[in-house]
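Remarks on the overall topology
For reference, the chains in residue letters:
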Amino acid sequence: MDALQIGDKVYNTKQDGFDDFIRYSFSEVVEVTKTLVILKNGVRLVNQPRISYITESIGYSVSRQKGVHWHLVTLKAIRNAQVENKKIAIHDWFESKKFTLKEKQLIYEQFKEHSTFDPVEIEH
């Protein structure tokens, strides 16, 4: 693994506890000094690849925060971010939505049609 260069795309993941969604941040290297790189979002990384057990096997630690790593963007990371962002959007929509009885009935019917699980059977 080599040092980062201007134009390299990197990402970071954050998660607040095991039950939280993985939240992805993407940025690009815009400046390189002797020992650091500066990302478009202002984050400074130590420009020396290190073994990382966080998301990828190799990462670049944030200056003065050795436990926070950024990684080179891969197709897999982009796909994972898309999946997580969709989960977050669905969760947020359900959290903010106040359902009418009619909407609840429609959701129930759709759920019942596409699942072997019937919540009404469990209630009895």
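Here the structure is a predicted model, which is why all the values come from computation and not from measurement. (Residues numbered from 1 in each chain as written. Predicted model: local features only at pLDDT ≥ 70, side-chain atom pairs only at ≥ 80, totals over all residues. Heavy atoms only, no water.)

With 9 residues, the main nonpolar core is built from Leu4, Val10, Val29, Val37, Leu39, Leu45, Tyr60, Val62 and Trp70. Counting only elements with at least two residues in this core, the list comes to β3 (36-39) and β6 (58-62). (Core = buried A, V, L, I, M, F, W, Y, C linked by side-chain atoms within 4.5 Å. Buried < 20%, exposed > 50% of the residue type's maximum accessible area, 1.4 Å probe, protein only. Helix = DSSP H or I, 4+ residues; strand = E, 2+ residues; numbered from the N terminus.)

Turning to the pattern of salt bridges, a few remarks are in order. For the coordinates displayed, the defined rule picks out 4 salt bridges. Between Glu28 and Lys9 there is a salt bridge whose closest N-O contact spans 3.5 Å. Residue Glu28 is located in strand β2 (residues 23-32), and its partner Lys9 is located in strand β1 (residues 9-14); the two are separated by 19 residues in the primary sequence. Given the relative accessible area of 45%, Lys9 is considered partly exposed. Close ionic contact of Arg23 with Asp20 constitutes a salt bridge, the shortest N to O distance being 3.3 Å. Residue Asp20 is classed as buried on the basis of its relative accessible area, which comes to 18%. (Salt bridge = Lys/Arg side-chain N within 4 Å of Asp/Glu carboxyl O.)

Turning our eyes to something else, we now look at the side chain of Asn12. Positionally, Asn12 belongs in strand β1. Its relative accessible area of 3% is what places Asn12 among the buried residues. If near-sequence neighbours (up to four positions away) are discounted, Asn12 is found in contact with Arg23, Tyr24, Ser25, Val68, His69 and Trp70. (Contact = heavy atoms within 4.5 Å.)

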